[in-house]
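Here is how the chains run, residue by residue.
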Amino acid sequence: ETLDRLCIHGSVENKFPTESFRAAFDDLDLPTEVVGDGESLGPTDAVSSFRPRPEFHDVAWVHCIRAGYDEFDTASYEAAGVPLTNSTGIHDTTVGEMAIGYMLSLARLLHVYRDRQVKRDWYAPPYERPFTVENERLCVIGLGTIGEGIARRADALGMEVVGVRRSDESVPGVSERYHPDDLHDAIGDARFVAVTVPLTPETEGLLAGPEFEVMRDDAYVINVARGPIVDDDALVSALESGDIAGAALDVFDEEPLSEDHPLWGFEEVIISPHRGSATNRYHLDIANLVKENVRRIRDGEPLCNRVA
Ligand code: NAD
């Protein structure tokens, strides 16, 4: 296989500066070019992109710079014979640290103190409210790259970590594994429930009314995966009725979250604008994945992270 050009679709700007990403390939002996919508692409071009585009069906290989490739229609790439790769396998530290940050904040009220700081208010919370995460139970739903990244870090903090996974393989830091059919048993006793599965027909609405009822009323939901995996309306109802205590959310049904959305209004909900993987090194991590696959194409080896 030959590659004549590595194209970088402008939509990567959603995650990092396009030019920084392009410059990360300066040490690769392959011409790079930033392309916009509708540009003509050929069979010796490779493309890295945030968004899918119809013109990507004529190229040598497409790389999605996201781990969640749910916006890409895999069947259409298979029909066109164009390999599609994604960016899983790299978010264990970035999203893992984010999830730990949420839990520490929710336990020790950093978010509450910051809210009060804005008002210059020396706030003393009720004595019973703060707690340590040590010895608290965390249930991680989906033990892939991110799930394991959260589990290892939570285990290091002395939390009791259980997980939901389809296979019975053990995972470092996870003391007990549950099959997806036993979701309610897995989440029933957890203080924190973290969602780290991809969005698929199976996982859409995975946490909804019945799950919030099963959960402890002092439990927190953490969603760093995709919005539709947690039913937002049911979550708002559960927060209002006290079925659960709070949530930390990086992802939403609709992004950006609309200004009048009720989720903004809860003190015990931490909202971050889909920045779970955002760090100053993000473009380098993705570029390394792309470079590895350029090497594989040249050496005639199977692509890593191939999803279609
Ligand atoms: P991954 O592929 O390494 O892990 C996903 C895991 O979920 C796999 O182990 C898979 O077997 C498991 N799984 C799939 N369906 C399941 C089900 N029904 N029940 C139980 N387990 C199931 O992916 P990852 O890198 O860990 O990313 C996970 C998801 O997180 C992505 O698909 C993406 O949507 C999201 N994500 C969000 C951000 C962010 O910025 N917040 C960043 C990266 C990824």
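As a reminder, the structure under discussion sits directly above these lines.
Bear in mind that the values here come from a model prediction, so they are computed numbers and not experimental data.

Trainee: I tried to follow the site of the ligand on my own but got confused; where do I start?
Mentor: Close to the ligand lie 24 residues, the nearest being Thr 88, Thr 145, Ile 146, Arg 166 and Asp 250. The side chain of Arg 166 places a nitrogen or oxygen atom 2.8 Å from an oxygen atom of the ligand. In the model, a nitrogen atom of the ligand is placed 3.3 Å from a nitrogen or oxygen of the Glu 202 side chain. Surface burial for the ligand is 87%, taken as the share of its 870 Å² of free accessible area covered by protein chains. According to the grid-proximity analysis, the pocket containing the ligand is the largest pocket. The residue inventory of the shell around the ligand, partitioned by class, reads nine nonpolar, eleven polar and four charged.

Trainee: Which parts of the structure should I look at to understand the pairing of strand β6 (residues 137-141)?
Mentor: Along any regular strand the residues' side chains alternate between the sheet's two faces. A large share of β6 lies buried, amounting to five of its five residues. Here β6 shows no split at all, with Arg 137, Cys 139 and Ile 141 on one side and Leu 138 and Val 140 on the other all buried. Bridge count between β6 and strand β7 (residues 160-164): five bridges; the pairing is parallel. Among the inter-strand pairings, Arg 137 is bridged to a residue of β7, identified as Glu 160. With helix α5 (residues 145-156) bridging β6 and the parallel β7, this β-α-β connection has right-handed handedness. Examined bridge by bridge, β6 and strand β9 (residues 192-195) share four bridges and lie parallel to one another. Its bridge partner lying in β9, Val 140 is registered against Ala 194.

Trainee: How do you make sense of the packing of helix α3 (residues 92-108) against helix α4 (residues 110-118) when you look at a structure like this?
Mentor: Viewed as axis vectors pointing N to C, α3 and α4 meet at an angle of 70°, and their least axial separation amounts to 5 Å. Classified by the angle their axes make, α3 and α4 are roughly perpendicular. Of α4, the residues touching α3 (which contributes Ser 105, Leu 106 and Arg 108) are Leu 110, His 111 and Tyr 113. In terms of residue class, the contact of α3 with α4 is made up of three nonpolar, two polar and one charged.

Trainee: What am I meant to see in the pattern of salt bridges here?
Mentor: Pairing between side chains of opposite charge can happen when the charged atoms of each approach one another. Scanning the entire structure with this criterion turns up 25 salt bridges. Between Asp 26 and Arg 22 there is a salt bridge; the shortest N-O distance is 3.4 Å. Note on Asp 26: relative accessible area 53%, which makes it exposed.

Trainee: Would you mind going over the sheet that holds strand β10 (residues 220-223) with me for this structure?
Mentor: Within a beta sheet, neighbouring strands are joined by backbone hydrogen bonds and run either parallel or antiparallel to one another. Reading across the sheet, the seven strands line up as β8-β7-β6-β9-β10-β11-β12 and stay open at both edges, with parallel pairing between neighbours. Lying at the two open borders of the sheet, with one neighbouring strand each, are β8 (176-178) and β12 (269-271). With direction set aside, neighbouring strand axes in the sheet form an average angle of 15°.

Trainee: I keep staring at the pairing of β7 and nothing clicks. Help me out?
Mentor: In terms of burial, β7 is a largely internal element, four of the five residues being buried. As defined by bridge partners, β7 adjoins β8 across three bridges and the pair is classed as parallel. When the bridges of β8 are listed, Val 162 appears paired with Glu 176.

Trainee: Sorry, what's going on with the side chain of Ser 87 here?
Mentor: With respect to the element layout, Ser 87 can be found in the loop between β5 (84-85) and α3. Of note is the side chain of Ser 87, whose polar atom sits 2.8 Å from the side chain of His 63. Residues contacting Ser 87, with those up to four places away along its chain left out, are His 63, Cys 64, Ile 65, Arg 66, Ala 67, Ile 286, Leu 289 and Asn 305.

Trainee: How do you make sense of a negative patch on the surface when you look at a structure like this?
Mentor: A surface patch of negative charge is lined by Glu 204, Asp 231, Asp 233, Asp 253, Glu 254 and Glu 255. For Asp 231, the position within the fold is in the loop between β10 and α8 (232-241). Owing to a relative accessible area of 31%, Asp 231 belongs among the partly exposed residues under this scheme.

Trainee: It is not clear to me how the environment of Ile 150 should be interpreted in this structure. Could you clarify?
Mentor: Mapped onto the elements, Ile 150 comes out in helix α5. As for Ile 150 and Val 62, which are separated by 88 residues in sequence, their C-alpha atoms are 29 Å apart.

Trainee: Teacher, can you tell me more about the sheet that holds strand β4 (residues 61-64) here?
Mentor: An order of β2-β1-β3-β4-β5 is seen for the five strands of this open sheet, with the pairing classed as parallel. At either margin of the open sheet sits one strand with a lone partner, and together these are β2 (32-35) and β5. One ladder, built from four bridges, connects strand β1 (residues 5-9) with β2; its direction is parallel. By the bridge assignment, Cys 7 is partnered in β2 with Glu 33. Strands in contact with helix α9 (residues 282-298) are β1, β3 (45-49), β4 and β5; relative to β4, the strand with the most contacts, it is inclined by about 160°.

What counts, and where the lines are drawn
- Residues numbered from 1 in each chain as written.
- Predicted model: local features only at pLDDT ≥ 70, side-chain atom pairs only at ≥ 80, totals over all residues.
- Heavy atoms only, no water.
- Near = heavy atom within 4 Å.
- Polar contact = N/O pair within 3.5 Å; in protein donor to acceptor, adjacent residues only side chain to side chain.
- Areas by Shrake-Rupley, 256 points an atom, 1.4 Å probe, with all protein chains shown as cover.
- 1 Å grid on protein atoms, 1.4 Å probe; cavity = no way out; pocket = protein on both sides within 12 Å on 5 of 7 lines; lining within 4 Å.
- Sits in = over half its atoms within 2 Å of the grid points.
- Nonpolar A, V, L, I, M, F, W, Y, C, P; charged D, E, K, R; others polar.
- Buried < 20%, exposed > 50% of the residue type's maximum accessible area, 1.4 Å probe, protein only.
- Helix = DSSP H or I, 4+ residues; strand = E, 2+ residues; numbered from the N terminus.
- Pairing = 2+ DSSP bridges.
- Right-handed = clockwise from strand over helix to strand, strands pointing away.
- Axes fitted to C-alpha atoms, helices over the stretch in contact; angles between N-to-C directions.
- Parallel < 35°, antiparallel > 145°, perpendicular 65-115°, else oblique.
- Contact = heavy atoms within 4.5 Å.
- Salt bridge = Lys/Arg side-chain N within 4 Å of Asp/Glu carboxyl O.
- Patch = residues over 30% accessible without salt bridge, like charges linked within 9 Å, V, L, I, M, F, W, Y side chains within 5 Å.
- Lys, Arg positive; Asp, Glu negative; His and termini not counted.
- Charge placed at Lys NZ, Arg CZ, Asp CG, Glu CD.

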